[in-house]
Amino acid sequence: MKTFVINLERASHRKEFMSQQLCNFPFLDVEFVEAIDGKKLEQSEVNSLFDVTSFYKLYKRYPLPGEIGCTLSHLKCYEKLLKSDKKVTLILEDDACLSTDIQVIESIEVLDNIPQIILLTPRCSYLFQGKPIQDLHRLYNVFLGSCAGGYLINKSAANLILNLRTKPYLLADDWWYLRKHVKLQILVPSVVTVTEQNFDTQIQVNDGVKSNIFLKKMKLLLSPMALCHKCLKLMGHYSYEKH
């Protein structure tokens, strides 16, 4: 399976960490994709590559440099997918930890003509009536979640996201917004988690702060979205981190 690993050139320790893991999974055809460093972009480059105005209208704040770089890096992978002869690709960030049973993703039937994204990371609430994948996993429709550390995306979804606007304006993990446009699912239990190793966050950090679109949203504890998320979590329809 074609696999793109997003990695900043200066984060060689992360590339080594990922390379050591990935050599255990020969079914993955791995290509490291040099991430776009948002901190190094001049304002003129930001204005050319990213729609800051639309971002502000949607999120009620200005984007962090790392957030811009992260979004552009994921879009870079989508462009590579569209130029390839592959129908689907696995996208990983360079702090991803792969489960020993990640090969289960080869059993997932990815659609051709319907935009589809399948999250492989935890921290998502999901709906009911999951589809069995082999003996131990199920595929559910996502209600609310975050993290773009590892997911499958097909060509239809990549093309749709690249053409939502003339310039990108979304956070890379704004699944709440994107689920309006794509078939968004999650594999449970997860087969990719974020490493707990002592790595400084590289792509999205801005003075030690890693942005998460849902952090502010979930503070609205009485909002319908948050209440539904809580109910699903109480009913066991939430994918937790493995410990």
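What counts as what
Residues numbered from 1 in each chain as written. Predicted model: local features only at pLDDT ≥ 70, side-chain atom pairs only at ≥ 80, totals over all residues. Heavy atoms only, no water. Helix = DSSP H or I, 4+ residues; strand = E, 2+ residues; numbered from the N terminus. Contact = heavy atoms within 4.5 Å. Areas by Shrake-Rupley, 256 points an atom, 1.4 Å probe, with all protein chains shown as cover. Core = buried A, V, L, I, M, F, W, Y, C linked by side-chain atoms within 4.5 Å. Buried < 20%, exposed > 50% of the residue type's maximum accessible area, 1.4 Å probe, protein only. pLDDT = per-residue confidence, 0-100. Arc of directions from axis to C-beta. Pairing = 2+ DSSP bridges. Patch = residues over 30% accessible without salt bridge, like charges linked within 9 Å, V, L, I, M, F, W, Y side chains within 5 Å. Salt bridge = Lys/Arg side-chain N within 4 Å of Asp/Glu carboxyl O. Axes fitted to C-alpha atoms, helices over the stretch in contact; angles between N-to-C directions. Parallel < 35°, antiparallel > 145°, perpendicular 65-115°, else oblique. Left-handed = near helix turned anticlockwise from the far one by under 90°. Nonpolar A, V, L, I, M, F, W, Y, C, P; charged D, E, K, R; others polar.

1. As for the overall build of the protein
Phase 1 of the analysis: Within the protein one finds eight helices and 14 strands.
Phase 2 of the analysis: Long-range contacts, defined as pairs at least 24 residues apart, comprise 81% of the intrachain contacts of the protein with a sequence gap of at least 6.
Phase 3 of the analysis: For the protein, the computed accessible surface area is about 12200 Å², with 52% contributed by carbon and sulfur atoms.

2. As for the nonpolar core
Phase 1 of the analysis: Grouped together as the largest cluster of nonpolar side chains are 41 residues, with contacts concentrated most on Y78, I117, L119, Y151, I153, W175 and I186.
Phase 2 of the analysis: With six residues, helix α4 (residues 65-83) is the single largest residue contributor to this core.
Phase 3 of the analysis: Other than its neighbours up to four places away in sequence, Y151 contacts H74, Y78, T89, L90, I91, I117, I118, L119, L120 and W175.
Phase 4 of the analysis: Listed in part, the 24 residues of the second largest apolar core include V5, L28, L90 and V104.

3. With respect to the confidence of the model for the protein
Phase 1 of the analysis: The predicted model of the protein has a mean per-residue pLDDT of 88, with 88% of residues at 70 or higher.
Phase 2 of the analysis: For the stretch residues 205-213, pLDDT sits under 50, and the model shows 20 contacts to residues farther than four places along the chain or on other chains.

4. Concerning helix α8 (residues 224-234)
One full turn of an α-helix is made of 3.6 residues, so residues set three or four places apart face in the same direction.
Phase 1 of the analysis: Here α8 has its buried residues at M225, A226, H229 and L232. Down the axis of α8, the sector holding all buried residues measures 125°, keeping them to one side. Across from the buried face of α8, at angles greater than 90 degrees, the exposed residues are P224 and L234.
Phase 2 of the analysis: At the exit of α8 stands G236, carrying a positive phi of roughly 85°.

5. Re the pairing of strand β5 (residues 116-119)
Phase 1 of the analysis: Burial of the side chains of β5 extends over both faces: Q116 and I118 are buried on one face and I117 and L119 on the other.
Phase 2 of the analysis: Bridge count for β5 against strand β10 (residues 183-188) is four bridges, and the pairing is parallel. By the bridge assignment for β10, I117 is matched with L184.

6. Things to note about a nonpolar patch on the surface
Phase 1 of the analysis: A cluster of nonpolar side chains, namely L127, F128 and M235, defines an oily patch on the protein surface of about 280 Å² accessible area.
Phase 2 of the analysis: Structurally, L127 is set in the loop between β6 (124-126) and β7 (131-133).

7. Thoughts on the packing of α4 against helix α5 (residues 155-162)
Angle between the axes and distance between the axes are the two parameters that describe a pair of packed helices.
Phase 1 of the analysis: Contact geometry of α4 with α5 gives a least axis separation of 9 Å together with a crossing angle of 130°. One finds that α4 runs oblique with respect to α5. In this structure, the crossing between α4 and α5 has a hand that is left-handed. In this structure, α4 contributes L75, Y78, E79, L81 and L82 to the contact, and α5 contributes K155, A158, N159, I161 and L162.
Phase 2 of the analysis: Partitioned by chemical class, the residues of the contact of α4 with α5 number seven nonpolar, one polar and two charged.

8. Points about the pattern of salt bridges
Phase 1 of the analysis: Following the criterion strictly, the structure yields eight salt bridges and no others.
Phase 2 of the analysis: The closest approach of N and O atoms between D29 and K2, which form a salt bridge, is 3.7 Å. Highlighted residues: D29 in strand β2 (residues 29-34) and K2 in strand β1 (residues 2-7), separated in sequence by 27 residues.
Phase 3 of the analysis: Overall, the relative accessible area of 39% leaves D29 in the partly exposed class.
Phase 4 of the analysis: In this structure K2 comes out as buried when scored by relative accessible area, which is 15%.
Phase 5 of the analysis: Via salt bridges that share partners, K2, D29, E31 and K80 belong to a single interconnected network.

9. Things to note about unusual backbone geometry
Phase 1 of the analysis: Note the cis peptide between V188 and P189, where omega equals -5°.
Phase 2 of the analysis: Along the polypeptide, P189 turns up in the loop between β10 and β11 (192-194).
Phase 3 of the analysis: Its identity as a non-glycine residue notwithstanding, R123 has a phi of 70°, on the positive side.
Phase 4 of the analysis: By the secondary structure assignment, R123 is in the loop between β5 and β6.
Phase 5 of the analysis: Phi is positive for C147, which is not a glycine, with a value near 90°.
Phase 6 of the analysis: Here C147 shows up in the loop between β8 (137-145) and β9 (150-154).
Phase 7 of the analysis: Given the relative accessible area of 10%, C147 is considered buried.

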